[in-house]
Amino acid sequence: MFKKKIKEKKKIHLNALIIIVCPLLLIYAFTLFFPLAWAFMTSLKTHGQFYTDALDGNYFTLPDISLWKGKSIFSNYTIILSLFKTGEALTQRGLPYSSPAYDTIFGKVLSKTIYPTIWEVIYNTISYTVGTTIVYVFWCASTAYLCAKYRYKLSGIITFFAIFAITTPIFGANAAAIKILRSLHLYNEIYGRYIHNATFATMHYLIFYAFFENLSNTYNEAAEIDGASQLRIMYSICMPMAMTMIVTIFLLSFVTKWNDYGTALMFMPLKPTLAFVILKNIHYVTSSPLVQVPNKFAALMVLAIPILVLFIFLKNRLMGNISLGGIKE
Amino acid sequence: MSNVDIVLEKPIKKTISRSKKRFIFYSLMIALPVIQFCIFYLYLNFEAFTLGFQKYTRTSTGKFVAEFSLDNFPKILGIIFNGDNIHWFTNSFVAFAFHTGGGMILSLTFSYYIYKKYHFAEFFRVVLFLPGIISSIVWTTIFSYFADTIYSAVSGSKLGLMENPDTALGSLVFFVVWIGFGANILLYSGAMSSINESIVESASLDGANFFQEFIHITFPMIFNTFTTFLITGLSTLFTQELSLYNFFGMNAPESVRTIGYYLYIQTLESDVWLNEAAVRRGRLTFSELSAFGLIITGITLPIIYSVKYLCKKFGPSVE
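Keep in mind it's a predicted model, so treat the numbers as computed, not measured.

Rules used throughout
Residues numbered from 1 in each chain as written. Chains lettered and ligands numbered in written order. Predicted model: local features only at pLDDT ≥ 70, side-chain atom pairs only at ≥ 80, totals over all residues. Heavy atoms only, no water. Helix = DSSP H or I, 4+ residues; strand = E, 2+ residues; numbered from the N terminus. Buried < 20%, exposed > 50% of the residue type's maximum accessible area, 1.4 Å probe, protein only. Areas by Shrake-Rupley, 256 points an atom, 1.4 Å probe, with all protein chains shown as cover. Rg over C-alpha atoms; globule rule 2.2 N^0.38 Å. Contact = heavy atoms within 4.5 Å. Lys, Arg positive; Asp, Glu negative; His and termini not counted. Charge placed at Lys NZ, Arg CZ, Asp CG, Glu CD. Axes fitted to C-alpha atoms, helices over the stretch in contact; angles between N-to-C directions. Parallel < 35°, antiparallel > 145°, perpendicular 65-115°, else oblique. Nonpolar A, V, L, I, M, F, W, Y, C, P; charged D, E, K, R; others polar. 1 Å grid on protein atoms, 1.4 Å probe; cavity = no way out; pocket = protein on both sides within 12 Å on 5 of 7 lines; lining within 4 Å. Points joined across faces, edges and corners; volume = space filled by probe spheres on them. Phe/Tyr/Trp six-rings, centres within 6.5 Å; stacked < 30°, edge-to-face > 60°. Lys NZ or Arg CZ within 6 Å of the ring centre and 35° of its normal. Buried area = accessible area lost by both parts, 1.4 Å probe. Salt bridge = Lys/Arg side-chain N within 4 Å of Asp/Glu carboxyl O. Polar contact = N/O pair within 3.5 Å; in protein donor to acceptor, adjacent residues only side chain to side chain. pLDDT = per-residue confidence, 0-100. Patch = residues over 30% accessible without salt bridge, like charges linked within 9 Å, V, L, I, M, F, W, Y side chains within 5 Å. Pairing = 2+ DSSP bridges.

**Quick word on the overall build of chain A**
In step 1: When helices and strands are counted, chain A shows 14 helices and 4 strands.
In step 2: The buried share of chain A, reckoned over its 329 residues, is 52%.
In step 3: As presented, chain A carries roughly 16300 Å² of accessible surface, and 65% of it is formed by carbon and sulfur atoms.

**Here we look at the overall build of chain B**
In step 1: Counting its secondary structure elements, chain B contains 15 helices and 2 strands.
In step 2: The C-alpha radius of gyration of chain B comes to 28 Å, more than 25% above the 20 Å expected for a compact globule of 319 residues.
In step 3: When burial is assessed residue by residue, chain B has 50% of its 319 residues classed as buried.
In step 4: When contacts within chain B are restricted to residue pairs at least 6 apart in sequence, those whose partners lie at least 24 apart make up 60%.
In step 5: Element-wise, carbon and sulfur atoms account for 64% of the exposed surface of chain B, whose accessible area totals about 15800 Å².
In step 6: Each charge class in chain B was averaged separately, 22 positive and 21 negative side chains, and the resulting centres sit 11 Å apart.

**Things to note about the packing of helix α4 (residues 86-115) of chain B against helix α10 (residues 210-221) of chain B**
Residues and elements named next belong to chain B.
In step 1: The interhelical angle for the contact between α4 and α10, taken along N-to-C directions, is 100°, at an axis separation of 12 Å. With respect to α10, the axis of α4 lies roughly perpendicular. The segment α4 lies against α10, with L108, Y112 and Y115 engaging F210, E213, F214, T218 and F219.
In step 2: Its residues placed into classes, the contact of α4 with α10 shows 6 nonpolar, 1 polar and 1 charged.

**A few points about the layout of surface pockets**
In step 1: Of the voids in this model, the largest pocket is the one considered here, and its volume is about 1200 Å³.
In step 2: Forming the boundary of the largest pocket are 43 residues, of which A:P100, A:R182, A:Y187, B:S270 and B:D271 lie nearest the centre.
In step 3: Mapped onto the lining of the largest pocket, the elements with two or more residues apiece are β1 (97-99), β2 (102-104), α5 (173-183), α11 (262-267) and α12 (274-284) of chain A together with α2 (18-51), β1 (54-58) and α13 (259-268) of chain B.
In step 4: Counted by class, the lining of the largest pocket contains 26 nonpolar, 8 polar and 9 charged residues.

**What about the packing of aromatic side chains?**
How two aromatic rings sit relative to each other is set out by the distance from centre to centre and by the angle between their planes.
In step 1: Considering all chains together, one arrives at 64 aromatic pairs over all chains under this definition.
In step 2: For the pair A:W38 and A:F297, a centre-to-centre distance of 5.2 Å together with 80° between the ring planes defines the contact as edge-to-face. Note that A:W38 is positioned in helix α1 (residues 16-43) and A:F297 in helix α13 (residues 293-313), a separation of 259 residues in sequence.
In step 3: A:W38 sits in the buried class, given a relative accessible area of 5%.
In step 4: Ring geometry for A:F171 against B:F238: centres 6.2 Å apart, planes inclined by 70°, an arrangement best described as edge-to-face. In this pair, A:F171 sits in the loop between α4 (153-167) and α5 while B:F238 sits in the loop between α11 (223-234) and α12 (244-248), so the two residues belong to two different chains. Of the two residues, A:F171 and B:F238, neither departs from the other in class, the shared state being buried.
In step 5: Grouping aromatic residues by their ring pairs yields a cluster made of A:F30, A:F34, A:W38, A:F50, A:Y51, A:Y59, A:F60, A:F297, B:Y145 and B:F146.
In step 6: When the ring centre of A:Y187 is taken as origin, the NZ or CZ atom of A:R182, which lies over that ring, is 4.8 Å away.

**Description of the interface of chain A and chain B**
In step 1: Counting residues at the interface gives 108 residues for chain A, matched by 101 residues for chain B.
In step 2: In total, chain A and chain B occlude about 9300 Å² of area from one another, counting both sides; carbon and sulfur atoms represent 76% of this.
In step 3: For the pair chain A and chain B, the number of links is 4 salt bridges.
In step 4: Taking the shortest distance from any N to any O, the salt bridge between A:R182 and B:D271 comes out at 3.0 Å.
In step 5: On the surface where chain A and chain B come into contact, there are 18 residue pairs in polar contact (both at pLDDT 80 or more).
In step 6: At 17 residues, α1(A) tops the list of elements feeding residues into the side of chain A that touches chain B.
In step 7: When the residues that make up the side of chain A that touches chain B are grouped by side-chain class, the tally is 78 nonpolar, 19 polar and 11 charged.

**Notes on the environment of B:W139**
In step 1: Structurally, B:W139 is set in helix α6 (residues 136-155).
In step 2: The class of B:W139 is buried, set by a relative accessible area of 0%.
In step 3: For the pair formed by B:W139 and B:R22, sequence separation is 117 residues and the distance between their alpha carbons is 50 Å.
In step 4: With residues near it in sequence (within four places) discarded, B:W139 still touches A:L32, A:L36, B:L130, B:P131, B:I134, B:F175, B:W178 and B:I179.

**Looking at the confidence of the model for chain A**
Residues and elements named next belong to chain A.
In step 1: With 87% of its residues at a pLDDT of at least 70, chain A reaches an overall mean of 84.
In step 2: The secondary-structure element of chain A with the lowest mean pLDDT is helix α14 (residues 315-318), recorded at 72, while helix α6 (residues 190-197) shows the highest, at 94.
In step 3: When the criterion is pLDDT under 50, residues 86-92 qualifies, and its contacts beyond four places in sequence or with other chains add up to 5 contacts.

**Details of the environment of B:I114**
All names here are of chain B.
In step 1: Here I114 shows up in helix α4.
In step 2: Judged by its relative accessible area of 7%, I114 is buried.
In step 3: C-alpha of I114 to C-alpha of A291: the two residues are 177 residues apart in sequence and 45 Å apart in space.
In step 4: With residues near it in sequence (within four places) discarded, I114 still touches A121, F124, R125, L128 and I185.

**What to know about the pattern of salt bridges**
In step 1: Enumeration over the complete set of coordinates arrives at 13 salt bridges over all chains.
In step 2: Each of A:E224, B:R18 and B:R22 takes part in a single network of salt bridges with overlapping partners.

**Some thoughts on a nonpolar patch on the surface**
In step 1: Together, A:I105, A:F106, A:L184, B:L32, B:I35, B:I39, B:Y43 and B:F46 make up an exposed nonpolar region whose accessible area comes to about 800 Å².
In step 2: Within the secondary structure, B:Y43 is located in helix α2.

**Section: unusual backbone geometry**
Residues and elements named next belong to chain A.
In step 1: Even without being a glycine, K69 presents a positive backbone phi close to 50°.
In step 2: Mapped onto the fold, K69 is located in the loop between α2 (47-55) and β1.
In step 3: Among the residues examined, K69 registers a relative accessible area of 72% and is labelled exposed.

**Regarding the environment of A:V130**
All names here are of chain A.
In step 1: Looking at the secondary structure, you find V130 in helix α3 (residues 118-149).
In step 2: Look at V130 and you get partly exposed, because its relative accessible area is 28%.
In step 3: Separated by 121 residues in sequence, V130 and L251 place their C-alpha atoms 9.8 Å apart.

**With respect to the side chain of B:T228**
Residues and elements named next belong to chain B.
In step 1: Following the sequence through the fold, T228 ends up in helix α11.
In step 2: Residue T228 is classed as buried on the basis of its relative accessible area, which comes to 1%.
In step 3: Reaching out from T228, the side chain makes a polar contact with the backbone oxygen of N224 at a distance of 2.8 Å.

**Comments concerning the pairing of β1(B)**
As a general feature of sheets, a regular strand has side chains that alternate between the two faces.
All names here are of chain B.
In step 1: Both β1 and strand β2 (residues 64-68) contribute to a ladder of 5 bridges, which runs antiparallel. Looking at the pairing, K55 lines up with E67 of β2.
In step 2: Taken together, β1 and the strand that follows it, β2, pair antiparallel across an intervening segment of 5 residues, in which G62 is found at a positive phi of about 95°.

Here it is as structure tokens:
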């Protein structure tokens, strides 16, 4: 009665590649999952259990829930909140974040030291991560569309410069970048990051460009005949066709920005993000609660778990097929 | 005047031609990206170039005045060719050789395995992507703990792998290769997936094994993508930090430092003008850092363009 769909399985014959690579990849997978699982288990241990086990040389034990004595097993995760105590003495408010005085075209900006609250750090992280990614992807996709579909000389020049910028590294430009950002009052500002990151001179431009170049002009022509404006054609017809790619690149860029601490450290020291705060506490403060190993790994899990959850739900989008056309002479 | 005369006298509306509409739209939309590029690429690199030839002095009123100077270059050349610092270059080359060179070979191999959909290919695709999505701070902290504390406890050694000067560099290089996959696999396997199936099938019918198929079909077809990654990998020759800032902050041991790490930590504490205390600590000004960058760029650019030329001349042909 019910016809079973029989999937035709492609028979894979063993060859040298499978025999060598498969075990290697299995070992590699183990070396990734095991430390992450270990770090998570360690973050659930009490300090007493961890240091007792360490003294006995037992680093690979499971957390003992009974030792928490009524407290939540996730108590170490609340330690990160103690990095941002407010309303208490200055020395107990966590780490200072400082910026020197500098000149701008609008006048002098004085040196400043701040003690951010947890909400300020969360706001900085979300506005930096989401805002920078949206601006970047929109900027890159729009520029690629314009250059692919509007064959003026300027389009060719832009594409040339994009490839030149990707393939020609200019070292030591960060000092000049800081100087320019300060001058324009974009230093220490999250909107400064939006503007600085809104560039098309990246690999993603080539990906978008290749896509739009291969997109048939028939859609544009048909829409023009029907009376659609150029803006309408761009956003209602062509961009939706690239939506899979746009979402994939958005997610990849979002993940990069979430994990990025180097940019915050260099260009906005007064707007610390979560990654920046955790790194600073791990490295610079012997009195920080993150010196305790279970707390340290709890803080790291706070950084990793949101991205892992995003990855689990959007795995297919994040790993969607995107192809790079390569640099043609 | 009759109604017919009034209608006939109405002026004819001039409409903008289609090509003009396209040009106006294009001009308005492309203006902002072009302005941003002009400021944050063209002017920024011009500023980086001119900064290398400037020296800032502080006047009695506290203002900073820039003047033309070639003094930055002898100072930087003195730092680079100082016998105590030559290991920065060797460390950078070692890191590049393993991370870019070794990493590319592994990326191609694993991408090919995934492209051929062999055993557990989908699972491995997820696994290989994992290092790229989790913060490097997480990986470095976990690796550091395993390499030092747990290794010392298990092996009985007094020093961990990262603490021992003999094994520190090797451990760091292993680390960057270990987590260095991810996006490359995605793009390589994307490029391999776009190869025409009929070409692969006809090769298979002709009796080509997996290796012959890779050498004669797959690799030539993805050579453009490979060249792109090779060129961008070469760009990291002197920016590779070996994640030293994640591991050690500002105080990485001298024996493992690279040019990229040195430039990074200098930039964090640099400014247009530095007081005597900062200069005595070995800090460089923005001008000196720009001069450093110019020298490094002068070394790297010929290498990149030579490699690009060699790839174009001797690379496999798709035909």
